[in-house]
Amino acid sequence: MSAVNASPNGTPKVGVYVCHCGINIAGVIDVTKVVEFAKTLPNVTVAQEYKFMCSDPGQELIQKDLKDGKIDRVVVASCSPLMHEPTFRRAMAACGGNPFLFQMANIREHVSWVNKEKGSATEKAKALVAAAVRRVVFHKPLQKTQVPVNSDVLIVGGGISGIHAALTMADAGRKVYLVEREPTIGGHMAKFDKTFPTLDCSACILTPKMSQVRAHPNITLWTYSEVAEIEGYVGNFKARVRRKPKYVDEGLCVGCLECIEACIFKKGKFKDEFNVGLSLRKPIYVPFPQATPLVAVIDPETCAFFRTGKCKQTCAEVCERKAIDFNQKEEIKEINVGAIILATGFKTFDASRIARYGYGKYPTVYTSLEVERLVNAAGPTGGEVLLPNGQKPKAVGIVHCVGSRDEKTNRYCSRVCCMYSLKLAHLIHERTGAEVYNFYIDMRTPGKGYEEFYDRLMKENVHFIRGRVAEVSDWAMTPEEEGKLVIRAEDTLVGAVRRIPVDMVVLSVGLEPQPDADEVRRRFNISCSTEGWFLERHPKLAPVSTFTDGIFLAGACQGPKDIPDCVAQAGAAAAEALAMIDRGHVELEPNTAFVTEEFCSGCKTCVPLCPYSAISFDTSKNKAVVNGALCKGCGTCVAACPSGALQQNLFTDEEIFNEIEGVVKYV
Amino acid sequence: MSKPKVGFYWCASCGGCEEAVVDLAEGILDVVAAVDIVFWPVALDFKRSDVEALVDGELAVCFINGAIRSSEQCEMVELLRRKAKAVIAFGSCAQLGGIPGLANESSRAAVMDEAYKHAPSVDKGNTVEPIPHITVPEGKLELPVLWETVKTLDQVIDVDYYLPGCPPPVELIGNALKAILSGQLPPKGTVLAPDIALCEHCDRRETKPDKLSVKQFKRPHLTAVDPKECLLAQGLLCLGPVTRDGCGSPCIKANMPCTGCLGPTSNVRDYGAKALSAIASTAGANDEKEMEKILAGIVDPVGTFYRYSLPASFLHRRYQPTARGGK
Amino acid sequence: MSEPTQRSDSFEPRIVAFFCNWCTYTAADLAGTARMTYAPNARVVRVMCSGRLDPQFILAALRNGADGVLIGGCHPGDCHYQEGNYKALRRFILLKRMLASFGIEEERVRLEWIAASEGEKVQRVINEMTDTIRRLGPLRLEPLPAEAAEGHGQKVAVHGGAV
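The helix and strand inventory of chain B stands at 11 helices and nine strands. In terms of overall dimensions, chain B is globule-like: its C-alpha atoms have a radius of gyration of 22 Å, near the 20 Å expected for 327 residues. Expressed as lengths along the three principal axes of its C-alpha atoms, the size of chain B is roughly 65 × 55 × 40 Å. In chain B, which comprises 327 residues, the share counted as buried stands at 54%. Put simply, 73% of the contacts in chain B that link residues at least 6 apart link residues at least 24 apart.

Listed below in structure tokens is the structure:
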């Protein structure tokens, strides 16, 4: 079998380079044996080992052999191709070789790192090298195709991450579409009173950015909207955005709020989502006074007009601008963008899942998010920490790690709870003078000024009890406990079980992925980690990229994060998106399908299989035609083609058959 | 000048291939005029000794049809291989194993039992089985041994060309003969038929929808078949997309789906696997249960997709874990 | 060509694992990064999508000496290419029935949906499959004459066309 291309003198010359990766590979695999084995393989003209193939001197080894004509195609046995394939391809291209006459054998992630036994690891490495050598002989020289990039950006989610990314991109002169599903941007941060560890007012730092977003000439802000559909590919996405009707014309409403005043409901009657149910709102409302855009929304679920058709429509009567429009319909906007940043945030853990903490059972057990609203000057109590009976608590227990670091709920640390618990402890103590008890497993305060804040709290006479809370109950054992909630926990520093009677319990709930994170990631064709957080391309080297080119991540949708980290990551995502856009074009992998017309009988088996409609049928020629720009290179059509007329670059039948023979036959 | 010598031989086959030669009709006279047929047991009275008497390579070409399953067939084709300059595997059975190759779905023992013990025509009270060696007063007698596994011709001897089909279409035979007589033969190993699938020239081509999605696979004998519409579009398992062109699609013209006798095109290594892939891909469902329901309409996947090519397939035969195989 | 190494008395199954680039191959990388040790018996052939899997590849793997074949793709609904894994499933359902008719033990060819985050599942599935096949013993297909193993006897894919 000698059907070989791009080997000028007929016979292919394969160079095999086996990497030690320090001791990562060489510690388990007998690299020298692999090299000796490689030398015995057909078509191999050079086989050698090196400490770090990805280093400059490592790459130069390949380049020298290419230049000297000793080799014309390359196999590197090292780490995963997902890691360094681009590195070696670039090295080959840099010295005039075709970067696709290259194949990697993954002997690190797939062998040395998952194997302790030297013998079998070495055998497996040999098999993978044999497969790569057999396969690379059939590689053809290919060219990447360039497609222009649309310079507009879609940012999904208008919390602090989305806002920051939007402003960064817009300031750089890019046109940004910011889509938020709530009636206002601001996200969780808008609900907070103070931010740790500086205790600067959350609204003071956030609302200016929110108004900047509204006013920025480069930003189109669509609130109360969701991305319904995405198609296309890096540089050329098409998004359909569903704009839900607010029943108030955004262009006309000036945010005077007269309509809310005029509503036939004289008082709020329905749970206020923004205040996490701690107050009541009317059917027509704005989430909070700094809502952006400051436009009233009518909730058709509760509005008398929508429910009964009988309403005096006092809101509409009072509106001088005639902004109320009961006939408003859902709208679908279609936009074309080059990059997408997902900043869809998180939700807080549902505390009622841990029944023994009494959330939902005792009215004085709160979640931290509820307390954020209570301590907020713009919140339901005007910033006073008041119990339902109108009294200030005298003793408050803060339970850390609710829904975090727990096999039964979430194993991960939510990262922000220790710090916000300290902040709440400080604020509650400051506002009420109450004794505040923190029940913690470990205090985790890494971050600029964080440990210092913890120190400060300790000096403020806030109590810290190291132990996971077993139970919150109203069962009194002593007279002092009567009428109180008793927090029972083992104080692991003292080595005794303690019962602390309190008037108020704060559950420091952890962060979880949005309930619809799974749907969202499917819509955007990205992956999730086991916990449901959006998966970054690489945890260290590509933390804001995804496996789908052109889609970036910002903020807590990727994992629990505090505000500084969200903003930093949003900036990084914006920078990555900008770098991609400003290049003006993207290079597409050439691993697309192609038709050899001579063999195509026009049976059309392939046509319906392409999810991208990249295959059309030329009736005049009676042949299938692949549009290379639309083909994303899955190869599904190739597998189905009954006459082998369709093949996939870099994954031809011949290449795969040879790889199969290589992995099983050689060693 | 002496005419080139030609031989015909048959192994595990039905005789249809011989009929196909006769189907050349008047054309056969031209052939006879141009060549010397020196061996053709079906038609003329030649003996094995006539072949043995030939010098090695004396036959210009030998057409061998039928699959190989017995010691006698093996001996004969080895002999013919020695005597012939070129061997042409003639028809599906020689090329791919053909219908007799379906016996690879069971074992030799099962085949013998069925034929000599359980077949309805067998007198159950008085069964007789062939015995390969027996000594009678006149001496030792020997019968050919039936192999465990049916093989293609090229699994037994070296083959130069292939004439596909069950039987090979007359036109292809004619073309092959012309090529041989004119000495203009393609590279060794070539299948002497167009290297494109049957849909290329199918009369019903235009009626095939661009986006075929089969919701139910139907069987021809249980279906009123439209005489004009693409058979696959009607849910009938037509293997035209997988099968080599060159037959003129007589089956499809007779309103029957293609069963694949001309085998695969040159880019396909395993006809059945490829056919399965192409056909399963058209099952119009993404729900697993629904897929299973649709694909359940394909009653016998092996018999359907490997009807003519089981011995030539990657798996070759039914797996017999206890049989001595080995790597 | 080098000689196959001798198998020792304890049978070590050889498994060809076809992993899709985006989910299962990534998961296998993750298993590596996390240093999850598992049986060395599976050798991965990377394809961009499980939809690329031609049943020919699976049979070729068995023919060439694999005792088992593992196919790893993205979970239904998660395919990087939208629906490639469904196409893979359509073929797999029928292939499984066909392999059963061939008398090949069901456990030898396995399809698993393994997401990019499921490194642990790669470890578990490969370990399980190795154990199962070790119990089943080697797949001893009747050998084919070497030449015919290349395909349908047509030794080289020569495109003769009509003659």
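The next thing to look at is the packing of aromatic side chains. Counted according to the given criterion, the structure contains 22 aromatic pairs over all chains. Note on Tyr440 of chain A and Phe464 of chain A: the rings are 6.3 Å apart at their centroids and 75 degrees apart in plane angle, and the pair reads as edge-to-face. Note that Tyr440 of chain A is positioned in strand 22 (residues 435–440) and Phe464 of chain A in strand 23 (residues 463–466), a separation of 24 residues in sequence. Each member of the pair, Tyr440 of chain A as well as Phe464 of chain A, is classed as buried. Relative to Phe39 of chain B, the ring of Tyr9 of chain B has its centre 5.7 Å away and its plane inclined at 15 degrees; by these criteria the two rings are stacked. Linking Tyr9 of chain B in strand 1 (residues 5–10) with Phe39 of chain B in strand 2 (residues 36–39), this pair joins segments that are 30 residues apart in sequence. Since its relative accessible area comes to 2%, Phe39 of chain B is described here as buried. Ring-pair connections join several aromatic residues into one group, and the members of that group are Tyr247, Phe305, Phe306 and Phe326 of chain A. In this structure, Arg281 of chain A is placed above the aromatic ring of Tyr285 of chain A, and the distance from its NZ or CZ to the ring centre is 4.1 Å. The side chain of Arg46 of chain C reaches across the aromatic face of Tyr25 of chain C, ending 5.7 Å from its centre.

The next subject is the interface of chain C and chain A. In this assembly, 56 residues from chain C lie in contact with 59 residues from chain A. Interface of chain C and chain A: buried area, both sides summed, is about 5,000 Å²; carbon and sulfur atoms make up 56% of it. Looking at the side of chain C facing chain A, the largest losses of area belong to Arg43, Arg52 and Asn64 of chain C, adding up to 14% of the total buried there. One can count four salt bridges joining chain C with chain A. Among the salt bridges present, the one from Arg46 of chain C reaches Glu85 of chain A, with a minimum N-O distance of 3.5 Å. Summed over the shared surface of chain C and chain A, the result is 20 residue pairs in polar contact (both at pLDDT 80 or more). Those elements giving two or more residues to the side of chain C that touches chain A turn out to be strand 1 (15–20), helix 1 (24–33), strand 2 (42–47), helix 2 (55–64) and helix 3 (84–101) of chain C.

In this structure, Val16 and Ile107 of chain A, Phe305 of chain B together with Phe18 and Leu62 of chain C are the most contacted members of the largest nonpolar core, which totals 149 residues. Every residue in contact with Phe18 of chain C, bar those within four places of it in the chain, is listed here: Ile660 of chain A together with Val45, Leu53, Phe57, Ile58, Ala61, Val69, Leu70, Ile71 and Gly72 of chain C. Leu199, Val365, Val399 and Ile465 of chain A belong to the second largest nonpolar core, which has 59 residues in total.

With that out of the way, let us pick up the pattern of salt bridges. All names here are of chain C. As enumerated under the stated definition, the model contains 77 salt bridges over all chains in all. Linking Glu105 and Arg108 is a salt bridge whose minimum nitrogen-to-oxygen distance equals 2.8 Å. The class for Arg108 is buried, based on a relative accessible area of 0%. Each of Arg110, Glu112, Glu120, Lys121, Arg124 and Glu128 takes part in a single network of salt bridges with overlapping partners.

Okay, the domain arrangement of chain B next. Residue and element names in this part refer to chain B. Its domain assignment divides chain B into domain 1 (5–99 + 148–182) and domain 2 (198–296). Contacts between the two partners involve eight residues from domain 1, matched on the other side by seven residues from domain 2. The junction of domain 1 with domain 2 conceals about 490 Å² of combined surface from both sides, 69% of it contributed by carbon and sulfur atoms. If you sort the residues of domain 1 by the area they bury against domain 2, Leu96, Pro164 and Pro169 come out on top, with a joint share of 51%. In this structure, the connection of domain 1 to domain 2 is made through one residue pair in polar contact (both at pLDDT 80 or more). Among the elements that line the side of domain 1 that touches domain 2, the one with the most residues is helix 5 (residues 91–96), at three residues. Along the lines of polarity and charge, the residues of the side of domain 1 that touches domain 2 split into five nonpolar, three polar and no charged.

It is worth spelling out the interface of chain C and chain B at this point. The interface is formed by 53 residues belonging to chain C together with 63 residues belonging to chain B. Summing both partners gives a buried area of about 5,100 Å² for chain C against chain B, and 60% of it is carried by carbon and sulfur. Applying the counting criterion to the chain C and chain B interface returns one salt bridge. Inspection of the region where chain C meets chain B yields 19 residue pairs in polar contact (both at pLDDT 80 or more). With 12 residues, helix 3 of chain C is the largest single contributor of residues to the side of chain C that touches chain B. Along the lines of polarity and charge, the residues of the side of chain C that touches chain B split into 27 nonpolar, 11 polar and 15 charged.

Okay, the state of the cysteines next. Across all of its chains, the model carries two disulfides over all chains by this definition. One disulfide in the model links Cys201 of chain A with Cys204 of chain A; its S-S distance is 2.4 Å. Between Cys201 of chain A and Cys204 of chain A the sulfur-sulfur dihedral comes to about 90 degrees; the bridge is accordingly right-handed. Disulfide partner of Cys23 of chain C: Cys74 of chain C, at an S-S distance of 2.4 Å. Taking the torsion about the sulfur-sulfur bond, which here is approximately 100 degrees, the covalent link between Cys23 of chain C and Cys74 of chain C counts as right-handed. With a gap of 51 residues between them, Cys23 of chain C in the loop between strand 1 and helix 1 and Cys74 of chain C in the loop between strand 3 (68–73) and helix 3 connect regions that are remote in the sequence. Residue classification places Cys23 of chain C among the buried residues on the basis of a relative accessible area of 5%.

Conventions used here
- Throughout, a residue's number is its position along its own chain's written sequence, starting from 1.
- Here chains are named by letter from A upward and ligands by number from 1 upward, in the order in which they appear as written.
- In keeping with the predicted nature of the model, local features appear solely for residues at pLDDT of at least 70, side-chain atom pairs appear and are counted solely at 80 or more, and the whole-chain, interface and lining totals rest on all residues.
- Values shown for side chains rest on all heavy atoms present in the structure; no hydrogens or waters enter the calculation.
- Per the convention used, a helix needs a DSSP run of H or I reaching at least four residues, while a strand needs a run of E reaching at least two, with both numbered from the N terminus.
- Only C-alpha atoms enter the radius of gyration; for comparison, a globular chain is expected to reach 2.2 Å times N to the power 0.38, where N is the number of residues.
- Note on exposure labels: buried denotes an accessible area under 20% of the residue type's maximum, exposed denotes more than 50%, and partly exposed covers the range between, all computed with a 1.4 Å probe on protein chains only.
- In what follows, a contact means two residues having at least one pair of non-hydrogen atoms within 4.5 Å.
- Paired rings are identified among Phe, Tyr and Trp, the last through its six-membered ring, by centres lying within 6.5 Å, and are further divided according to the angle between planes into stacked (under 30 degrees), edge-to-face (over 60) and tilted (the rest).
- Working rule: Lys NZ or Arg CZ, within 6 Å of ring centre, within 35 degrees of ring normal, means a charge sits over the ring.
- Buried area: the accessible surface (1.4 Å probe) lost by two parts on joining, summed over both.
- Every case where a carboxyl oxygen of Asp or Glu lies within 4 Å of a side-chain nitrogen of Lys or Arg is listed as a salt bridge.
- We call two N or O atoms a polar contact when they sit within 3.5 Å, provided that within protein one can donate a hydrogen and the other can accept it, with sequence-adjacent residues counted only if both atoms are side-chain atoms.
- Definition of nonpolar core: a set of buried residues of the types Ala, Val, Leu, Ile, Met, Phe, Trp, Tyr and Cys, connected through side-chain atoms within 4.5 Å.
- Marked domain ranges trace back to an automatic or database domain assignment.
- Under this grouping Gly is polar, as are all residues other than the nonpolar Ala, Val, Leu, Ile, Met, Phe, Trp, Tyr, Cys and Pro and the charged Asp, Glu, Lys and Arg.
- Criterion for a disulfide: a pair of cysteine sulfur atoms at a distance within 2.5 Å.

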